[in-house]
Amino acid sequence: MSGLQPGSERHGVVQPGATSQEMYDGGMKVRREVLGDAHVDRANANKDHFTEDFQDMITRIAWGGIWTRPGLTRQMRSAVTITAMVAHGHWEELAMHIRAALTNGLSRDEIKEILLQTAIYCGVPSANTAFKTAQQVFHEMDNTGMDATP
């Protein structure tokens, strides 16, 4: 907390007066740490005039505004995000965030426990698909020799 004004530590990179560029840069740093350079480079390579504003927004707001905040660990943020993906049936995003959760330090057993919890609160059919998605991610990682680090 050195160099921070009292109360400012709760804001992450979103400090009073932070520029849009500071939010973007902080968000891009965390986005790359969590999702890996290959994923972020792919997303940036695929952006065009139609999608560039969206990519900028998620980097600044989601990654720069939320993921940089110190109030939760990255493991906890991953757990919440996995649950949200299951609750809304965002299966491709779930696969990406399962990989991210491993990068953030969650174990496969902890991911299993999160998915078991979703069976109760999000529904068994959703958890069933989530388990299949996680199983595919783990299988791909095991068969390609990939580990969770970017």
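Not measured: the values here are computed from a predicted model.

Participant: What is the right way to look at helix H7 (residues 124–144) in this model?
Facilitator: Every α-helix winds through 3.6 residues per turn, so residues three or four apart in the chain are directed the same way. In this model H7 runs 30 Å from its N-terminal to its C-terminal C-alpha over 21 residues, within 8% of the 30 Å that 1.5 Å per residue would give. Buried residues of H7: Ser126, Ala127, Ala130, Thr133, Ala134, Val137, Phe138 and Met141, and no others. Buried positions in H7, seen along its axis, are confined to an arc of 130° and lie on one side of it. Opposite the buried face of H7, at more than 90 degrees from it, the exposed residues are Val124, Pro125, Gln135, Gln136, Asp142 and Asn143. On the buried face of H7, the contacting elements are helix H4 (74–88), helix H5 (91–103) and helix H6 (108–121). Trailing H7 by a residue or two, Gly145 shows a phi angle of about 70°, which is positive.

Participant: Looking at this structure, I do not really get helix H3 (residues 52–66). What am I missing?
Facilitator: Counted at 1.5 Å a residue, the expected span for H3 with its 15 residues is 21 Å, and the 20 Å between its end C-alpha atoms agrees. Its buried side turned inward, H3 meets helix H1 (20–35), helix H2 (37–46) and H5.

Participant: Can you help me understand the pattern of salt bridges in this one?
Facilitator: Counted according to the given criterion, the structure contains seven salt bridges. The partner of Arg60 in a salt bridge is Asp56, with the nearest N and O atoms 2.8 Å apart. Placement of the pair is Arg60 and Asp56 together in helix H3, with a separation of four residues, close to one helical turn. Here Arg60 falls in the buried class, since its relative accessible area comes to 18%. We note a salt bridge from Asp142 to Arg108, for which the minimum N-O separation is 2.8 Å. Highlighted residues: Asp142 in helix H7 and Arg108 in helix H6, separated in sequence by 34 residues.

Participant: Explain the layout of surface pockets to me, please; I cannot follow it from the model alone.
Facilitator: Picture a little ball the size of a water molecule; that probe, rolled over the atoms, points out where space is still empty. Estimates place the volume of the largest pocket at around 370 Å³. Every residue lining the largest pocket is counted, 20 residues in all, and those nearest its centre are Ala62, Trp63, Glu93, Met96 and His97. Of all the secondary structure elements, the ones that give two or more residues to the lining of the largest pocket are H1, H2, H3, H4 and H5. Residue contributions to the lining of the largest pocket peak at six residues, all from H3. Counted by class, the lining of the largest pocket contains 13 nonpolar, four polar and three charged residues.

Participant: Before we go on, may I ask you to explain the side chain of Arg77 in this structure?
Facilitator: With respect to the helices and strands, Arg77 occurs in helix H4. Summary of buried charges: Arg77 has no salt-bridge partner, and the nearest side chain of opposite charge, Glu33, is 11 Å away. The contacts of Arg77, once residues within four sequence positions are left out, are Ile66, Trp67, Arg69, Pro70, Gly71 and Leu72.

What counts, and where the lines are drawn
Residues numbered from 1 in each chain as written. Predicted model: local features only at pLDDT ≥ 70, side-chain atom pairs only at ≥ 80, totals over all residues. Heavy atoms only, no water. Helix = DSSP H or I, 4+ residues; strand = E, 2+ residues; numbered from the N terminus. Expected span 1.5 Å × (residues − 1). Buried < 20%, exposed > 50% of the residue type's maximum accessible area, 1.4 Å probe, protein only. Arc of directions from axis to C-beta. Contact = heavy atoms within 4.5 Å. Salt bridge = Lys/Arg side-chain N within 4 Å of Asp/Glu carboxyl O. 1 Å grid on protein atoms, 1.4 Å probe; cavity = no way out; pocket = protein on both sides within 12 Å on 5 of 7 lines; lining within 4 Å. Points joined across faces, edges and corners; volume = space filled by probe spheres on them. Nonpolar A, V, L, I, M, F, W, Y, C, P; charged D, E, K, R; others polar. Lys, Arg positive; Asp, Glu negative; His and termini not counted.

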